[in-house]
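Survey of secondary and tertiary structure
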Amino acid sequence: MLTLVTRPEPQASGWAEALAAQGVAAQPLPLIAIEGPPHPEAVARLWHTLAHQRLLMFVSPASAEWFFRLRPQPLQDGSPAPAWPAQTLAAAPGPGTAQAVLALGAAAGLTPDRMVSPPEDSAQFDSEALWPLLAPMAWPDQRVTIVSGGDTSGARGRTWLAAQWQRAGAHVEAVQAYQRGPGAWASAQQTLARQALAAPQAHVWLFSSSQAIDHLMAHHLPALGHTSARPDWQRMRALCTHPRIAEHAAAQGFGEVRQCAPTVAAVVQARRSAP
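Residues numbered from 1 in each chain as written. Predicted model: local features only at pLDDT ≥ 70, side-chain atom pairs only at ≥ 80, totals over all residues. Heavy atoms only, no water.

Some words on empty space enclosed by the protein
Tallying each qualifying case throughout the model produces 1 cavity of 30 Å³ or more. In this structure, the largest cavity encloses a volume near 70 Å³. Elements supplying a minimum of two residues to the lining of the largest cavity: strand 12 (237-240), strand 13 (256-259) and helix 10 (264-273). At 3 residues, the largest contribution of residues to the lining of the largest cavity is made by strand 12. Of the residues contributing to the lining of the largest cavity, the split by class is 6 nonpolar, no polar and 4 charged. (1 Å grid on protein atoms, 1.4 Å probe; cavity = no way out; pocket = protein on both sides within 12 Å on 5 of 7 lines; lining within 4 Å. Points joined across faces, edges and corners; volume = space filled by probe spheres on them. Helix = DSSP H or I, 4+ residues; strand = E, 2+ residues; numbered from the N terminus. Nonpolar A, V, L, I, M, F, W, Y, C, P; charged D, E, K, R; others polar.)

What follows is the structure, encoded as structure tokens:
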């Protein structure tokens, strides 16, 4: 059975390679495309005010990639590029994002002792798992910025976490570091999708985002046109990395929906134990 990794690139290819190295056949079939934010100057302003921030919350590896990619360069007068202040924390909902933030932030002076993230053996990686680590801290009048994705209308996501901070007395803002969209499949990806529709029980769709499911339904499948097989939803398989994503896949008609943690090891275990 072939696992279709639907994360954005380059994550999709990286996950497919990691799964293949563990003996799980996988191919990237991204359902979300990532590009820069509509207002990159907002990210630049955040860099220049980092010393006033108690914490930056990164929602995904893409938010880390674009935040550090948009770090202002040194000025011609010799002024250095802004650095990560020692008093400013970073937070991530899971180890994948935390690792990306630390790897990309090292050049700016971010150190591992500044990172707050659920441990790798957590049952789940999300805002609910992160908040118990943050709640004991003193938040009244502290500034927090959520480095997020979104679309042309602005930043999106992590409203529950923002509400927890606000109730604790923090001033919370969101800065959009990247845009999400459906993108477009290349010819080889269209062929792979048609094969998955024609043989649904020989493929499993690995979903790490409810938005990916929405893009599949509203954009990618219609773009295949009449040359593809009509989806046999009751025979289609989904493996989802969060309970809410699993609920969404089931609501959209996937006949077999399973759930696992959002780690390569958990996906490997789920695939090996699948009937």
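What to know about the layout of surface pockets
Volume-wise, the largest pocket comes out at about 1400 Å³. As for the largest pocket, its lining consists of 43 residues, and the residues nearest its centre are V59, S60, R158, S208 and S209. For the lining of the largest pocket, the elements supplying multiple residues, two or more each, are helix 1 (11-21), helix 3 (61-69), helix 4 (95-105), helix 5 (127-134), helix 8 (210-224) and helix 9 (243-251). No other element matches the 4 residues that helix 4 contributes to the lining of the largest pocket.

A look at helix 6 (residues 159-167)
Here helix 6 has its buried residues at L161, A162, Q164 and W165. The buried residues of helix 6 occupy an angular sector of 155 degrees when projected down its axis, which confines them to one face. Across helix 6 from its buried face, at more than 90 degrees, point the exposed residues T159 and R167. Next to the buried residues of helix 6 lie strand 4 (55-58), helix 5, strand 7 (143-151) and strand 9 (171-176). (Buried < 20%, exposed > 50% of the residue type's maximum accessible area, 1.4 Å probe, protein only. Arc of directions from axis to C-beta. Contact = heavy atoms within 4.5 Å.)

All quantities given are derived from atomic positions and should not be read as evidence of function.
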